[in-house]
Amino acid sequence: MDTYYKSLLDKNKEWVKSKLDLDPEYFQKLSKGQSPPLLWIGCADSRVPANEIIGAQPGEVFVHRNIANLVVHTDMNMLSVVDYAVNVLKVKHVIVCGHYGCGGIQAAMSSKSFGLIDNWIRHIKNTYRLHQEELDSIKDENKRFDRYVELNVWEQVFDLAKTSIIQNAWNSGQELSLHGWVYSIKYGIVKEVISKLKNNSQLDTVYQLDF
Ligand code: CO
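The notes below deal with the structure included here. Fair warning: this is a prediction, and the values are worked out from it, not measured in the lab. (Residues numbered from 1 in each chain as written. Predicted model: local features only at pLDDT ≥ 70, side-chain atom pairs only at ≥ 80, totals over all residues. Heavy atoms only, no water.)

### What about the coordination of the cobalt ion?
- Around the cobalt ion, the donor atoms from the protein are C43 (SG), H99 (NE2) and C102 (SG), and they sit 2.0 to 2.3 Å away.
- The sequence pattern describing where the donors of the cobalt ion fall on their chain is C-x55-H-x2-C. The same class applies to H99 as to C102, namely buried. (Donors = N, O, S within 2.8 Å, 3.2 Å for Na, K, Ca; no water. Buried < 20%, exposed > 50% of the residue type's maximum accessible area, 1.4 Å probe, protein only.)

### Digging into empty space enclosed by the protein
- Tallied over the entire structure, the rule returns one cavity of 30 Å³ or more.
- In this structure, the largest cavity occupies an estimated 30 Å³ of space.
- Along its surface, the largest cavity is lined by A68, N69, G98, H99, C102, I105, V149, N152 and V153.
- Those elements that place two or more of their residues in the lining of the largest cavity are strand 3 (93-99) and helix 8 (141-162).
- For the lining of the largest cavity, the leading source of residues is helix 8, giving three residues.
- Classifying every residue of the lining of the largest cavity gives five nonpolar, four polar and no charged. (1 Å grid on protein atoms, 1.4 Å probe; cavity = no way out; pocket = protein on both sides within 12 Å on 5 of 7 lines; lining within 4 Å. Points joined across faces, edges and corners; volume = space filled by probe spheres on them. Helix = DSSP H or I, 4+ residues; strand = E, 2+ residues; numbered from the N terminus. Nonpolar A, V, L, I, M, F, W, Y, C, P; charged D, E, K, R; others polar.)

### Comments concerning helix 6 (residues 118-130)
- Between its first and last C-alpha atoms helix 6 spans 18 Å; for 13 residues at 1.5 Å apiece the expected length is 18 Å, and the two agree.
- The sharpest bend along helix 6 comes to roughly 25°, located at I124.
- When we look at burial in helix 6, the residues that qualify are I121, I124, T127 and Y128.
- On its buried side, helix 6 packs onto helix 5 (103-109), helix 7 (132-137) and helix 8. (Expected span 1.5 Å × (residues − 1). Bend = angle between axes of the 7 residues up to and from the residue. Contact = heavy atoms within 4.5 Å.)

### Focus on the pairing of strand 4 (residues 177-183)
- In terms of burial, strand 4 is largely enclosed, as seven of its seven residues are buried.
- By the alternation rule, side chains of strand 4 split into S177, H179, W181 and Y183 and L178, G180 and V182, which are all buried.
- Summarising the sheet, strand 3 and strand 4 pair through seven bridges and their orientation is parallel. By the bridge assignment, I95 is partnered in strand 4 with H179.
- With antiparallel pairing between neighbouring strands as the criterion, strand 4 and strand 5 (residues 190-197) make up a hairpin whose turn holds six residues, including G188 at a positive phi of roughly 80°. (Pairing = 2+ DSSP bridges.)

### Considering the side chain of D45
- With respect to the helices, strands and loops of the structure, D45 is situated in the loop between strand 1 (38-43) and helix 3 (50-53).
- When its relative accessible area of 15% is taken as the criterion, D45 is described as buried.

### Section: the nonpolar core
- L39, V82, L160, L176 and L178 are the most contacted members of the largest nonpolar core, which has 47 residues in total.
- The leading source of residues in this core is helix 8, at nine residues.
- Contacts of L178, omitting those with residues within four sequence positions, involve V94, V157, L160, A161, I166, W170, I194, S195, K196 and L197.
- Of all hydrophobic cores here, the second largest spans 10 residues; its members include W40, I95, W181 and Y183. (Core = buried A, V, L, I, M, F, W, Y, C linked by side-chain atoms within 4.5 Å.)

### As for a nonpolar patch on the surface
- A contiguous nonpolar surface patch, about 430 Å² in accessible area, is contributed by Y4, Y5, L8 and L9.
- Structurally, Y5 is set in helix 1 (residues 3-22).
- Assessed through its relative accessible area of 45%, Y5 is described here as partly exposed. (Patch = residues over 30% accessible without salt bridge, like charges linked within 9 Å, V, L, I, M, F, W, Y side chains within 5 Å. Areas by Shrake-Rupley, 256 points an atom, 1.4 Å probe, with all protein chains shown as cover. Salt bridge = Lys/Arg side-chain N within 4 Å of Asp/Glu carboxyl O.)

So, in structure tokens, the structure goes:
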């Protein structure tokens, strides 16, 4: 057997042992159910592991990840995760977390075709179009890239706020805050792009739903 692959199974056994050494009931307790306070919508990038960068334990974060942490309102996968998290698990916080150096954002900045993924990347290009004036005015390409990452998170948080799921929860008085973060792979630190969105009043009126 391939040694890397085999090491994964060995590491699993070691991890189980380390948990049981601290608490023999650890897995029995976890198996009773979950009630995480947080939903994480992050990039699929291997360097941005949701639990690890916020020091969260198993059972603490409900996670959805895709390329460039997008909230695409026809994405049944994302909608199902958000619906379950908000309406069943009753999470109190949703963090959309992007990261500097995101390959998805970099691809969206260029005109190069990457194949099928172009159709996913196109959602990111919409953000460029919405903020073209600001982005085009940044002459330094790295700085423009960083700002594009931040604006992408900004737009995804607002796209999340536009969903019927989030607006319905707010309308019914559920305690629910949306947050936009950008993680720095280089330094490990998070920058808050949107610290707290708690109602739909900042949405353009055409997106505000009456229930
Ligand atoms: Co990324």
